[in-house]
Amino acid sequence: MADRPNGSRALPSIAVGIDVGGTFTDAIVADLATGACLDAFKLPSTPQDPAIAVLHAVDRIKESHPLDGVIICHGTTVGTNALIERRGVRTALVATEGFTDVIELRRQARPELYTFDVRISEPLVAPGDRFGLAARTDAEGREIAPLPDLGPLVEKLRAAGFEAVAVCLLHAYAAPEHEHAVGAALDAALPEAFVSLSSDVAPEIGEFERTSTTVVNAYIGPRVRGYLERLHKGLAERGAGGLAIVKSSGGLTTPQNAARYPAHLVESGPAAGLTASARFGATIGEPNVLAFDMGGTTAKAGVVVDGEPRIITEFYADSLVEGRRTGGYPILSPVIDVVEIGAGGGSIAYLDEAGVLKVGPESAGASPGPACYGKGGTRPTVTDAHAVIGTLRPGPLAQAGITLRPDLARIAIDTHLARPLGWDVAQAAHAILEIATANMAEMVRLATVRRGLDVRDFTMVPSGGAGPLHASAIAREVGIERIAVPPLPGMFSALGATLAPVRHDVSRSLVTTLATLTADALAAAFVPLIEKMDALFAAETIPLRPATTARLADIRFRGQLFELSIPLGAGGEPVPEPAAIDRAFRDAYVAEYGFDLPGSEVELVSLRLVATAEREGGATTATLAPDAASLVEDGAVLGRDGAAIPTRFLDAAALGAGHTLAGPAVVAVGGATVWIDGPAEITRGADGGVRIALTPRADQEAA
Amino acid sequence: MSEDILPPDALMRRDPVTFEIVRNSLYAICEEMRDVLMRTSFSPLLSLSADLSCAILDACGEVAAQGNDIPVHLGAMPFTGRAVLEAFPRETWREGDGVLLNDPYLGGTHLPDMSLLLPVFVDGALIGFTATRVHWPDVGGIAAGSSSIADEIIKEGLRIPPLKLIEGGTVRQDVLNLILANVRVPGDRLGDFRAQHAANLRGVQRLAGLGRRYGRAVTEAVLSESQAHSHLKVRHRLAALPDATVEAAETLDGDGFGTTDTTVRVRIEKRGADFRVDFSATSPAVRGPINAPLPVTASSVYYVLMGLAGGDILPNSGAYAAAEVTAPEGSLVNAAYPRPVVAANTETSNRIVDTLLAALAKAYPDRVPAGSYGSACVYTLGGDDPRSGRRFVHYETIGGGMGARRGAAGVAGMRVHMGNTMNLPIEAMEAQLPLRFHAYEVVREAGGAGRWRGGGGVRKVVEMLADGVAASVLGERTASAAAGVAGGRPGGLARFVVHRRGVASETLGAKSGPHSLSRGDRLEMVTAGGGGWGEPTSETAAAPTHQGDAP
C-alpha cells in the first residue's frame, strides 16, 4: 500500500498534522525544521467518511504550500468509532473447542454492584459465529491434541461470507504453530478476509484479554484498512509524500503497520495530544507534565514523566456508556495512560433528591447545547456558569456562529439551582464550577497520586476548548503550582501529530527467577526482540534519525501477579547484572507500596524493547507567531458574593516578552480562553503561549 | 422530602460543595486501597479474582464509604465495626493499632474472610477506621480451601474474635505466627496479610490527609452526613413506590447432610418510606454449612433494598439503615455458635436475595429481575503438585444465569447479586497448577424462556493432573430452578458430576466434599440458568440470545 522510502529525495520544508474530531477537523502546518506554526485552521468534519474532510484540508494546504515529499501525520478515530458505534464487520471467532464463549463469559464480574439494570458490553461476535477447533496445547507449548483437518471449518467460514476472522487458541502465546496453520488455511481460502491471529496481535497469557484484543482487531480491521487505503490514494493523487498514523502509544507508524494492527490505534486521538504535551514540556524545560484536556462532554488527564508520556500495556475501550459502567473491551496494546471522565463544558448541573448539587455526566452535547448558546437548551451547564460569571468571551463563539446569551444562562441557573437552594445566581454559578473542578481534580489525582506520582512535581498543560478555562482552579485544588498554556491549545492533537516520533514496542514472555539468571542469558534473550524491532523499522517510510532504544523488564515477587516495569538501560549499553536489577526492583516496590519482602524471591516475567526515532530534519517543538491583534481591557467577572471582581482581559500577544501580569485575568491564547481566577504571575512564552505561576491563597496553605 | 434526621446547620446544607468534594474523596480512597491490595497480594483469589472489600468507617464503626467490591462483605461491615468497638472501646485506641477478626459470630461473615481495621487520628482524636475484608484461600479446617462440608464451625478453620494484632505500628509476630501455623500454604498467607495491611495503611494515610486538608470538624461531619444523605435518598425512593405487603418462600438444595427443612420464608412490608423484612417463618438452623449469621442475612436485604431504590445511591450504613430486618435467633438466617456457616456467604445469601425478589415481584414486577442461579458456585481443589513438590490450594467461583428483567434478557455466565469475584484465567491456572480444563462455555438453553429470556448457565470441566486432589463443591439449584416473573419460565438446573476413569460417573449433591480425585479424573460443573420475564413469544421461545438483547 505505501511506497518504499525514497532516500535520495530532498526533505520537505513543512510538517502537516491533521486531527479529526466529532465536529471539526483540525489542520496544522508547521515549518519542519523550526516548528514555527505557519497555518492552522478548522474545517467541518465529515462523519460519513472522515477522509473527505482530511483531503479537503490537504487541498487547502496545497493552495499555499508545495506538498512534494510532505508526510501527512494523522491521528484517526475511525477504528474507535467503528468499535463504539458497533459499525465493524461481521466477524467469526475460531477458538479452542469448549472455550468459544470465553469472549462472552469475560471475567464474569459485573461492572456496577447495586443495580438490577446490569449493562454489559455486548460481545462483538455473535454466538452462532463462534467456531470450536479440537486442537490443544498446554502451558509449556506441548501439543496435547493435534490440529484436525481444517477443510470443513474453512469452507463453513467461506460459505458464510465473513469479512473478518479472529483466531485465538489456548496457550497460543507459548505455541503459535496451530494458529499459524489456521491463518495460512484462511489466507488461501478467504484471500479478501481480514484475519487476525492472537499470537500475532497480542501474544500474552490470559485467554479473555487476548481474545478480546484479537476480536477487536478483526472487527474494526476492514474499516480501518479501507479508510487508510482511501486516504493514501487521495494523498497520492494530491502529490503528498505519504501518510503516517498516530498509534495509541503516541508514536507514528506506516499505514501498512497501522492497517495490520488496528487495535493499536483505538486511542490515537488522545495519544497525539499527550505527545504534544511531552514535546511542549521539553521545549519549555518541564520534563514532568500533567496534560489536561477538556472539551464539550469529557475531560482527560495524562502524565508525562521525565519527558516520556506514561504508557500502559492494557486498557478497556468503551467501558463508560451514558455514564454507566459496562465493562468495555480489553485491548492489550501500548497505550498512553489517560484517565477520562464525563465532565465538559456541556455537562448539566442539577439537584438530586436530597438537594445536593451534582454536575454531569449527562451533557447537553452539541444539541441543544448550553442554554447560553440560544439553541433551545434550558438546563444549566458548566458553560452557562462561565457565561454568568463573565469568563466566556463572545468573540471566539461568534466565529463558530453562536451568539452568546448570558441572559438565558442566568434563567437556567436561577430556575433549576439558585431558587430551589435559596441562593443567588452568582453563588450557584460558582458552585457549578466548584463541583466540576472537584470532579476533575479527582481525575487528576487518579492520573497522578493513584499512580504514585506527586502532583507538585508537575506542570499542567491545558488543552481543548474548555481546558484553559478550568486549569487554574484545578491546579489550585490538587496543589499544582505551574501552568503552561501552549500555543493553539484548541488544536493540540493536530499539533502533536506533527511532532510525534516513530515508535515501536515489542515484548516477549520470559518467566524466570532473577537468582537463576545471568547477564549473558538476559542479553541473549533480548536478541529476538532486537531482530523484530529492526524488521518493523525497515518497513517505515518516513525519513528518520537513528532510533534510541530502551530495555524494560516486568518484574514481581514470585507468587504475586502484578509486575513493576524496571528499566534495564538503553539498547546499546551492557545489560545490568541480575543483582542490580533485584535492588532496583525492591527500591521501586518500596517506593510504590511502602514495604519490602526480604525473604521473597524476585521473578522476571517479560522483557520489553521500546524504540523511538525522530523524523529526520524535523523539529520537536512548536511555536506560534505573535498575533497582530492585542486587545487589552479592564473588565470584571462576577464573584461568588455577586460583587464584581476587577479583572484584566487581554490577548496573550499584548503581553510584552518578559512582562509579568498579576492575576486575576482572562487571557486569550490561540483562540482559547485562559481564566486565572486568583493571585498569580502571568508571563508570555517565546512560543506564544502563556506561563502561569499560581500564588498560594490564604485558605490553601493547609493543602 | 423528610429532613428530620439532619440538623439545620448540617454541612450538607451549609456547604454542599465541600460536602460533595470530601465525600467523593472518601469513596476514591476505598478504590485506592483496593488497588494496593490487588497489586501486592499473593493469592490469585485476591490479585486476579478480587475477593476483597474496602471501606471507611466512622468513629462509631458505621460504614461512611465503601469500594465497588463484594456486597456480602460490605453489607456486613457495620456489624464488624460495632463488634470491634464493643471489644475495644473508643478510648482504648492508639495510633498505629490494628484489629484482625474473622469470627462470624463476632463481626465476621465466614472464616476465610479476614477483616482488618486500623484507626485514623486527626489532631490526636480518633475520627474513624479503614477496613478491609479479604478472603484468604485457606484458614485451616477439614479440607484445603476451608470451604467444605462440616457439621460445626470448629471444623471449618481457625476462628479469630476481634484481636489487637497490631500495637503502636508493630505487628505482634508471635500472634501472627500462631495464625500462620494453623493455615495451609502459610508463606502465601503472610504475603496476603502484608498486602492487606499495606492497603489499610494507604487508607489511613489518605483519610488523615483529608482531615488535615479540610479540618477535623468538616471531615467528621462528612463521615456522618454521607450516611444521612444516602439514608434520605433511599427513603425518598421508597416513598415514591406504592405500598405493599408481600411474601415468598424458597427452599435451598440442602446442607450436604440430607437436611430437607431448609426453607427461607420472608414477609416484606413496604409502607411509606419504611421497609420491613421479616424472616420469622424461616426453617431452623441446620447441621451443614448453609447457616447464615445475621450480618450475611442483613447484607442480602440491604443489597435488594439498594437495587429496588435504583442502583445509583452511594452505599453505606445510612442506606442500609433504611431497612429493618427481623430474623429469629437460631434460625437458618440468624445462626448461632457452633453452627457451620461457610456456604452462607456464597449460596444462602444469593437464595435469600432470590426469595426477596420473588416476593417483591408480586408488587413491583417491572422493577426486579426474575430468579438467578442462586449461588457463587464455589469449587476448591487442593493437594501436592507433582511437578514442583509444592502444596497448592485452588479456590474459584463460577458465574451463572441472571434472571431476565422487563426490557432486557438476563446476562449469561455472570456473578450475580451478593458476590462479584472474577474468574481465574484458564491459561494462568494451567501454568501454575496440575489441572487441565476441557470446557468453559455458556449453557444457553438453561436460560428460562420468556418475553425476555433468563441468562444461560455455565459448564466448566477440569481434569486432575495429580493424584490425591481434595475436591469440594458448594452450589445451588440442582433441585429448585430459578423462578420466572410475569409468566416467564424457570431456568435450567445445575449439576455436578465426577467422571473417574473406568468407573460410572457420579452425580454429586449441591454441597459435597471433600472427594479424593486422581490423575485423569474430571470434575464437571454446570451452573443454573436465570428465570425468564413475561410470557414467551414465538420468537423469544425459539432463539436464546446471548445477553442483554432486546427481543
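Thresholds, definitions, all that
- Residues numbered from 1 in each chain as written.
- Chains lettered and ligands numbered in written order.
- Predicted model: local features only at pLDDT ≥ 70, side-chain atom pairs only at ≥ 80, totals over all residues.
- Core = buried A, V, L, I, M, F, W, Y, C linked by C-beta atoms within 7 Å.
- Buried ≥ 20, exposed ≤ 12 C-beta atoms within 10 Å, placed from the backbone.
- Helix = DSSP H or I, 4+ residues; strand = E, 2+ residues; numbered from the N terminus.
- Contact = placed C-beta atoms within 7 Å.
- Pairing = 2+ DSSP bridges.
- Axes fitted to C-alpha atoms, helices over the stretch in contact; angles between N-to-C directions.
- Parallel < 35°, antiparallel > 145°, perpendicular 65-115°, else oblique.
- Nonpolar A, V, L, I, M, F, W, Y, C, P; charged D, E, K, R; others polar.
- Domains from an automatic or database assignment.
- UniProt positions renumbered as here; feature names shortened; annotations may be inferred.
- pLDDT = per-residue confidence, 0-100.
- Expected span 1.5 Å × (residues − 1).
- Bend = angle between axes of the 7 residues up to and from the residue.

Some details on the nonpolar core
Here is step 1: Of all hydrophobic cores here, the largest spans 395 residues; its most connected members are Val165, Leu290, Ile432 and Val444 of chain A together with Leu305 of chain B.
Here is step 2: With 15 residues, the single largest contributor to this core is helix H13 (residues 425–447) of chain A.
Here is step 3: If near-sequence neighbours (up to four positions away) are discounted, Ile432 of chain A is found in contact with Ala349, Val359, Pro380, Val382 and Ala385 of chain A.

Some thoughts on unusual backbone geometry
Here is step 1: In this model, Tyr337 of chain B is joined to Pro338 of chain B through a cis peptide bond whose omega is 5°.
Here is step 2: Phi at Asp318 of chain A takes a positive value of approximately 55°, unusual for a residue other than glycine.
Here is step 3: Counting through the fold element by element, Asp318 of chain A comes out in the loop between strand E16 (311–317) and strand E17 (320–321).
Here is step 4: Phi is positive for Ala50 of chain B, which is not a glycine, with a value near 60°.
Here is step 5: Relative to the elements of secondary structure, Ala50 of chain B occurs in the loop between helix H3 (44–47) and strand E1 (52–58).

Describing the sheet that holds strand E9 (residues 263–271) of chain B
Residue and element names in this part refer to chain B.
Here is step 1: Pairing within the open sheet is mixed, and its four strands lie in the order E8-E9-E10-E11. Bordering the open sheet on either side are strand E8 (244–251) and strand E11 (323–326), each of which pairs with just one other strand. Each strand axis lies, on average, 15° off the axis of its neighbour in the sheet, ignoring direction.
Here is step 2: With four bridges connecting them, strand E10 (residues 274–278) and E11 associate as parallel partners. Bridged to Val277 within E11 is Val325.
Here is step 3: Along the sheet, helix H9 (residues 294–309) makes contact with E10 and E11, crossing E11 at roughly 145°.
Here is step 4: The strands that helix H11 (residues 344–363) touches are E8 and E9; relative to E8, the one it contacts most, it runs at about 140°.

Focus on the packing of helix H7 (residues 186–214) of chain B against helix H8 (residues 216–239) of chain B
Residue and element names in this part refer to chain B.
Here is step 1: The contact between H7 and H8 brings their axes to 6 Å, and the two run at 125°. On the basis of their axis angle, the class for H7 and H8 is oblique. Every residue of H8 that contacts H7 at Leu210, Gly211 and Tyr214 is listed here: Arg216, Val218 and Thr219.
Here is step 2: Grouping the amino acids of the contact of H7 with H8 by side-chain chemistry returns three nonpolar, two polar and one charged.

Side note on the interface of chain A and chain B
Here is step 1: Facing the 51 residues of chain A at the interface are 66 residues of chain B.
Here is step 2: Going through the elements one at a time, helix H3 (102–105), helix H7 (207–237) and H13 of chain A are the ones with two or more residues in the side of chain A that touches chain B.
Here is step 3: Partitioned by chemical class, the residues of the side of chain A that touches chain B number 28 nonpolar, nine polar and 14 charged.

Description of the domain arrangement of chain A
Here is step 1: By domain assignment, chain A separates into domain 1 (84–224) and domain 2 (502–613).
Here is step 2: Summarising the inter-unit geometry, the C-alpha centres of domain 1 of chain A and domain 2 of chain A are found 29 Å apart.

Overview of the pairing of strand E17 (residues 495–499) of chain B
Residues and elements named next belong to chain B.
Here is step 1: In the sheet, E17 pairs with strand E20 (residues 522–526) via five bridges, with the strands oriented antiparallel. Considered in E20, the bridge of Arg495 is made with Val526.
Here is step 2: Pairing geometry for E17 and strand E18 (residues 506–508), over three bridges, is antiparallel. Considered in E18, the bridge of Val497 is made with Thr507.
Here is step 3: Between E17 and E18, which pair antiparallel and follow one another directly, the connecting turn spans six residues, one of which, Gly502, has a positive phi of 75°.

Section: the UniProt feature "domain: Hydantoinase B/oxoprolinase" (unreviewed entry) in chain B
Here is step 1: Mapped onto this numbering, the UniProt entry gives "domain: Hydantoinase B/oxoprolinase" (unreviewed entry) at residues 15–536 of chain B.
Here is step 2: With 29% helix and 24% strand, residues 15–536 of chain B has its two end C-alpha atoms placed 53 Å apart.

Focus on the confidence of the model for chain A
Note that predicted coordinates carrying low pLDDT should not be read in detail.
Here is step 1: Averaged over all residues, the pLDDT of chain A is 88; the fraction at 70 or higher stands at 94%.
Here is step 2: Across residues 698–703 of chain A, confidence stays below pLDDT 50; counting only partners more than four residues off in sequence or on other chains, it has six contacts.

Quick word on the domain arrangement of chain B
Residue and element names in this part refer to chain B.
Here is step 1: Assigned domains within chain B: domain 1 (11–228) and domain 2 (369–551).
Here is step 2: Going through the elements one at a time, H3 and helix H4 (71–75) are the ones with two or more residues in the side of domain 1 that touches domain 2.
Here is step 3: Its residues assigned to classes, the side of domain 1 that touches domain 2 comprises 12 nonpolar, four polar and three charged.

Notes on the environment of Phe129 of chain B
Residue and element names in this part refer to chain B.
Here is step 1: Tracing the chain through its elements places Phe129 in strand E5 (residues 125–135).
Here is step 2: When the C-alpha positions of Phe129 and Gly98 are compared, they lie 9.5 Å apart, and in sequence the two are 31 residues distant.
Here is step 3: Other than its neighbours up to four places away in sequence, Phe129 contacts Leu57, Gly81, Leu117, Leu118, Pro119 and Val120.

Topic: the environment of Gly688 of chain A
All names here are of chain A.
Here is step 1: If you trace the backbone, Gly688 turns up in the loop between strand E34 (680–684) and strand E35 (690–694).
Here is step 2: Take Gly688: there are 22 C-beta atoms within 10 Å of it, and that puts it in the buried class.
Here is step 3: A sequence separation of 512 residues divides Gly688 from Pro176, and the C-alpha atoms of the two residues are 53 Å apart.

Describing H8 of chain B
Residue and element names in this part refer to chain B.
Here is step 1: Between its first and last C-alpha atoms H8 spans 35 Å; for 24 residues at 1.5 Å apiece the expected length is 34 Å, and the two agree.
Here is step 2: The sharpest bend along H8 measures roughly 30° and falls at Ser224.
Here is step 3: A large share of H8 lies buried, amounting to 19 of its 24 residues.

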